Amino acid sequence: MSHRLSGNEAIAYAMKQIDPDVMGAFPITPSTEIPEYFAQYVANGEVNTEYVAVESEHSSMSVCIAAQAAGARAVCATSSCGLALMYELLYVAASCRLPISLVCVNRALSGPININHDYSDSMGGRDSGWIQIYAENNQEAYDNFIMAMPIGEHPNVRLPVMTCMDGFITSHAVENIELLETDVVRRFIGEYNPEHYLLKRENPLAVGPYDLSPYYMEHKVMQAEAMKAAKVRILEVAAKFEKISGRCYGLFEEYRMEDAELALVLMGSTAGTAKAAVDKLREDGVKAGLVKTRVFRPFPGQELARALAGTRAVAVMDKSEGFSANGGPLFAETRSALYDLKERPYLIDIVYGLGGRDVKVEDIEKVFGRLADIAVTGEIGPLYTHMGQRSKGGDR
Amino acid sequence: MIYAKDINENTPWQDLTPGGEIYEPGTARLFNTGSWRTNTPVFHEEACKHCMLCVPFCPDSAIPVKDGKRLDFDYMYCKGCGICKEVCPFPAITMVTGGVVK
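The notes below deal with the structure included here. (Residues numbered from 1 in each chain as written. Chains lettered and ligands numbered in written order. Predicted model: local features only at pLDDT ≥ 70, side-chain atom pairs only at ≥ 80, totals over all residues.)

### Brief notes about the overall build of chain B
Helix and strand content of chain B: 2 helices and 4 strands. Secondary structure of chain B in N-to-C order comes out as β-α-β-β-α-β. Computed over the C-alpha atoms, the radius of gyration of chain B is 17 Å, more than 25% above the 13 Å expected from 2.2 N^0.38 for a compact globule of 102 residues. Principal axes of the C-alpha set define a box for chain B whose edges measure 55 × 30 × 15 Å. Looking at chain B residue by residue over its 102 residues, the buried ones come to 20%. Taking contacts inside chain B between residues at least 6 apart in sequence as the whole, the part at least 24 apart equals 62%. (Helix = DSSP H or I, 4+ residues; strand = E, 2+ residues; numbered from the N terminus. Rg over C-alpha atoms; globule rule 2.2 N^0.38 Å. Buried ≥ 20, exposed ≤ 12 C-beta atoms within 10 Å, placed from the backbone. Contact = placed C-beta atoms within 7 Å.)

Rendered as structure tokens:
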């Protein structure tokens, strides 16, 4: 079915198709329109979901944790400082191994107060033990959410899944989108049948017990192994999803990377802009390429290293600061992944787009221009710079 | 199924439950909390009238009862709070300093 929907509408529609048991919903600012649209489906009796309106995101995630532990499928949606208020519970959900599905509409964190797009919110939760999958556009946001439950609920994984889309750029812009038929979605998702759950009478269960030093380490190793297993499961689910949708997803997308000498690594909607720049440069004979990060947790380090192995110069573009004074979070992961290559490309980090600062095709072309210089001279210049801010004497 | 009684501080991570889930009720029985004790109650059976006042006042499970009579303390759960001594109307319970009766 071909439709025109905003990213938020597409997610709410996917939730309607899935008909989850419980939604922990905090439906006002700083949340998204997703709980608002979904509330209409609930009010119209179009879903059987228990819609629990709460007083904060700390509580909406608590509702999801309790519901999922009870044996229900729980969903949630939030954004920005709403996600930040959830951080404590993100760790609880992941360590209790509860495969909750959360949609994060990526927006900047205060302060200064800002409501526009960057990844500072979900990057703050990147070490919480959640799987994180990022979307370039509305179609990917819809598709990723439909794949979330089959990934997270698998017994080898049992981890919560955060599917992310760019605030306003993706969440509010209306785009053409292909929706699956509801019965196809239902069959794809299947029934949620956890082996243990609180409402199982014949098998009483305690969830989240006190875990002192003789046991905590072992449970964290189990969690780490589950995150490794998730990489395999993500690809299995993507292969099955391709069969019902015709749309192909990997751990990341390689765009014109076959013979690329100069490449970008970035995520989200900027990929659309960067693809236009790559196409333009290719017409001029520049061997430009792009790797669009899709799965950030688990991070596909070895696969990314293989994808970048033949390049000469790479720029990682981080749309969140991180304040490590050594580059953004995507840079740290990428640089670490490349360490094991025998011949590594030159690598720089560019932090851009914070708080919704626009990035244009020309900006991306400038980055490629810098990479071309680096490839020729072997001089990378400053390792980590910002782009798009007003500066005396230009970006650097 | 993995039972709590089969899990101890030598169990490898592969044999633990995801998230530390516990698949049966009443497993607090297996947990020795008496080691926290810094004062210890002493039961004087000859002075006890088995009025049972101490039993419901014990915040843990440290006073076992059998056939209508209270037995000596179960020190595995006794944290030495002394509430039993305070509520005992008879000289049947005294407190000594330290975690063990010397």
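### What to know about the interface of chain A and chain B
When the parts come together, some accessible area is lost, and that loss is often what is quoted as the size of the interface. At the junction of the two partners, chain A supplies 19 residues and chain B supplies 11 residues. Top element by residues in the side of chain A that touches chain B is helix H8 (residues 213–245) of chain A. It accounts for 6 residues. Along the lines of polarity and charge, the residues of the side of chain A that touches chain B split into 10 nonpolar, 5 polar and 4 charged. (Nonpolar A, V, L, I, M, F, W, Y, C, P; charged D, E, K, R; others polar.)

### Notes on the packing of helix H1 (residues 7–18) of chain A against helix H2 (residues 33–43) of chain A
Residue and element names in this part refer to chain A. Running from N to C, H1 and H2 cross one another at 45°; their axes reach a closest spacing of 8 Å. Between H1 and H2, the angle is such that the two are oblique. Where H1 crosses over H2, the two elements pack in a sense that is right-handed. For the pair H1 and H2, the contacting residues are Asn8, Glu9, Ile11, Ala12, Met15 and Lys16 in the first and Glu33, Ile34, Tyr37, Phe38 and Tyr41 in the second. Residue composition of the contact of H1 with H2, grouped by class: 7 nonpolar, 1 polar and 3 charged. (Axes fitted to C-alpha atoms, helices over the stretch in contact; angles between N-to-C directions. Parallel < 35°, antiparallel > 145°, perpendicular 65-115°, else oblique. Left-handed = near helix turned anticlockwise from the far one by under 90°.)

### Considering the pairing of strand S15 (residues 384–387) of chain A
Residue and element names in this part refer to chain A. In this sheet, S15 lies alongside strand S14 (residues 346–352) in parallel orientation, the contact comprising 4 bridges. Directly across from Val351, in S15, lies its bridge partner His386. Handedness of the S14-helix H12 (residues 361–377)-S15 crossover: left-handed. (Pairing = 2+ DSSP bridges. Right-handed = clockwise from strand over helix to strand, strands pointing away.)

### Some words on the pairing of strand S7 (residues 161–166) of chain A
For S7(A), the buried fraction is high: 6 of the 6 residues fall into the buried class. Following the chain from strand S6 (residues 131–134) of chain A across helix H6 (residues 138–152) of chain A to the adjacent parallel S7(A), one finds a crossover that is right-handed.

### Re the packing of helix H9 (residues 270–283) of chain A against H12(A)
All names here are of chain A. Between H9 and H12, the least distance of the axes is 8 Å, while the angle of their chain directions is 60°. On the basis of their axis angle, the class for H9 and H12 is oblique. Handedness of the crossing formed by H9 with H12: right-handed. Here H9 contributes Thr273, Ala274, Ala276, Ala277, Lys280 and Leu281 to the contact with H12, which in turn contributes Val361, Ile364, Glu365 and Phe368.

### Observations regarding helix H10 (residues 301–308) of chain A
Residues and elements named next belong to chain A. Residues of H10 that are buried: Leu304, Ala307 and Leu308. Buried residues in H10, looked at end-on, bunch into an arc of 90°, giving them a common side. Relative to its buried face, H10 has exposed residues pointing more than 90 degrees away, namely Gln302 and Arg306. (Arc of directions from axis to C-beta.)

### Topic: the sheet that holds strand S10 (residues 262–267) of chain A
Residue and element names in this part refer to chain A. Strand order in the open sheet formed by 6 strands is S9-S11-S10-S13-S14-S15, with mixed pairing between adjacent strands. Edge positions in the sheet fall to strand S9 (252–255) and S15, since each of these pairs with one other strand and no more. Ignoring which end each strand starts from, the neighbouring axes of this sheet average 20° apart. Bridge count between S10 and strand S13 (residues 313–318): 4 bridges; the pairing is parallel. If you follow Leu262 over to S13, its bridge partner there is Ala313.

### What about the nonpolar core?
Among the nonpolar cores identified, the biggest contains 117 residues, and Ile11(A), Cys64(A) and Ala93(A) are the most heavily contacted of them. The biggest single contributor to this core is H6(A), with 8 residues. When residues are assigned to domains, this core turns out to be shared by domain 1 (2–245) and domain 2 (252–387) of chain A, each giving three or more. Every residue in contact with Ala93(A), bar those within four places of it in the chain, is listed here: Met61(A), Cys64(A), Ile65(A), Leu98(A), Ile100(A) and Pro160(A). Of all hydrophobic cores here, the second largest spans 11 residues; its members include Cys54(B), Ala62(B), Phe73(B) and Cys78(B). (Core = buried A, V, L, I, M, F, W, Y, C linked by C-beta atoms within 7 Å. Domains from an automatic or database assignment.)

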